[in-house]
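# Report on the structure
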Amino acid sequence: MTFTESECSDGMCCFTCVIPSNNRHIGFFRSLWKSGTGSNCVKLLVTSDGYKNELYDSCKFLDFIISQNSFNFSLKMDLRCSIYKSRPNQCMEYPDKAGESLHQKISGPCIFNEYTAPSAYKKLVYKREWQAFYVIRDSSETIRNIFVNEEITVAREKILKAKDVHLVTLCIGKNELDYILIPIPKQTENILYLSEKHQPITAIQQAYHRWEEKIQDNLQHHYGSEWETRLKNAIEMEKEDASKRNNENAACNIEC
Ligand code: SF4
Ligand code: SF4
């Protein structure tokens with residue numbers, strides 16, 4: 001379909017990390033519409049050293065399509081909105097206008113951009129580096145829902161044999177459940193940057209220039225009155241690192 005080809009398909013923003021946790025942006029009538037194939041099957045797991053794992057449910061309308069990439073045996077994931085043409089304004093405007101509620105919109109980088117951002121950005125703005133994964137319940141029912149036309153054991157084996165896929169046990173509340181963990185690739189070439197606001201993060205200074213309000217909020221939350229000093233230091237450090245890298249490259253070019 002043409003419209004889907006003009007949108008990005010990692011779908012990270014369609015998990016509750018950026019939409020209201022109870023899907024209240026969808027409204028009453030839309031709650032009667034059919035769910036997407038990803039709903040209840042796929043979750044987003046965020047991990048970082050020294051912090052608890054965070055598990056996010058997907059929006060009810062997320063479609064999840066999975067196939068094998070025959071070149072490198074990795075899994076190819078395609079996450080799309082099943083009500084794309086009628087999706088709520090909040091989703092249409094994301095990430096140009098995003099925020100906690102419809103009335104408090106602060107524009108910010110989209111979650112995929114933050115996922116693929118340089119580690120200096122994450123360490124400053126989130127005080128930690130984090131990794132993101134799609135996770136699927138390792139159960140016949142879930143696998144059947146995702147692979148409607150395939151035999152369950154064959155489909156499961158295909159996923160588990162794919163590159164970088166792991167089986168893990170996660171504690172959800174009081175239960176321990178088995179999940180299939182699929183790393184989310186950081187391939188920015190698959191993303192279409194459709195607006196001036198929706199651009200990849202390349203450096204702290206560039207990001208701050210573009211999303212000052214949102215980033216300042218995070219910094220004030222993490223560092224209180226020291227936020228400006230922390231920001232300045234991080235930008236200086238990033239510049240020094242970049243100039244060191246340039247000098248090393250120049251030296252290597254001369255020697256080579
Ligand atoms: S690239 Fe950003 S806006 Fe696009 S689907 Fe991913 S998180 Fe959403
Ligand atoms: S309605 Fe569509 S675009 Fe909005 S969060 Fe749900 S799946 Fe994503």
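Predicted, not measured: the structure shown is a model, and the values here were computed from it.

### Some details on the sheet that holds strand S9 (residues 175-183)
- Spatially, five strands are ordered S2-S1-S7-S9-S8 in an open sheet, and the strand pairing comes out antiparallel. Among the strands making up the open sheet, the edge pair consists of strand S2 (54-57) and strand S8 (166-172). If you compare each strand with its neighbour and ignore which way they point, the axes differ by 40° on average.
- Across five bridges, strand S7 (residues 131-137) lies against S9 in antiparallel orientation. Bridging from a neighbouring strand, phenylalanine 133 pairs with proline 183 of S9.

### A short note on the site of ligand 2
- Around ligand 2, 10 residues are found, and the nearest of them are Cys14, Cys59, Phe61, Cys81 and Cys91.
- Among the residues forming the shell around ligand 2, the class breakdown is nine nonpolar, no polar and one charged.

### Looking at the site of ligand 1
- Taken together, Cys8, Asp10, Gly11, Met12, Cys13, Pro95, Cys110, Ile111, Phe112 and Ile191 are the residues near ligand 1.
- Class assignment for the residues of the shell around ligand 1 results in eight nonpolar, one polar and one charged.

### Notes on the environment of cysteine 8
- With respect to the element layout, cysteine 8 can be found in the loop between helix H1 (2-5) and strand S1 (42-47).
- Residue cysteine 8 is classed as partly exposed on the basis of its 18 C-beta neighbours within 10 Å.
- Expressed as a C-alpha distance, the spacing of cysteine 8 and arginine 80, which sit 72 residues apart in the sequence, is 8.3 Å.
- Residues contacting cysteine 8, with those up to four places away along its chain left out, are Ile191 and Leu192.

Basis of the calculations
Residues numbered from 1 in each chain as written. Chains lettered and ligands numbered in written order. Predicted model: local features only at pLDDT ≥ 70, side-chain atom pairs only at ≥ 80, totals over all residues. Pairing = 2+ DSSP bridges. Helix = DSSP H or I, 4+ residues; strand = E, 2+ residues; numbered from the N terminus. Axes fitted to C-alpha atoms, helices over the stretch in contact; angles between N-to-C directions. Near = placed C-beta within 6 Å. Nonpolar A, V, L, I, M, F, W, Y, C, P; charged D, E, K, R; others polar. Buried ≥ 20, exposed ≤ 12 C-beta atoms within 10 Å, placed from the backbone. Contact = placed C-beta atoms within 7 Å.

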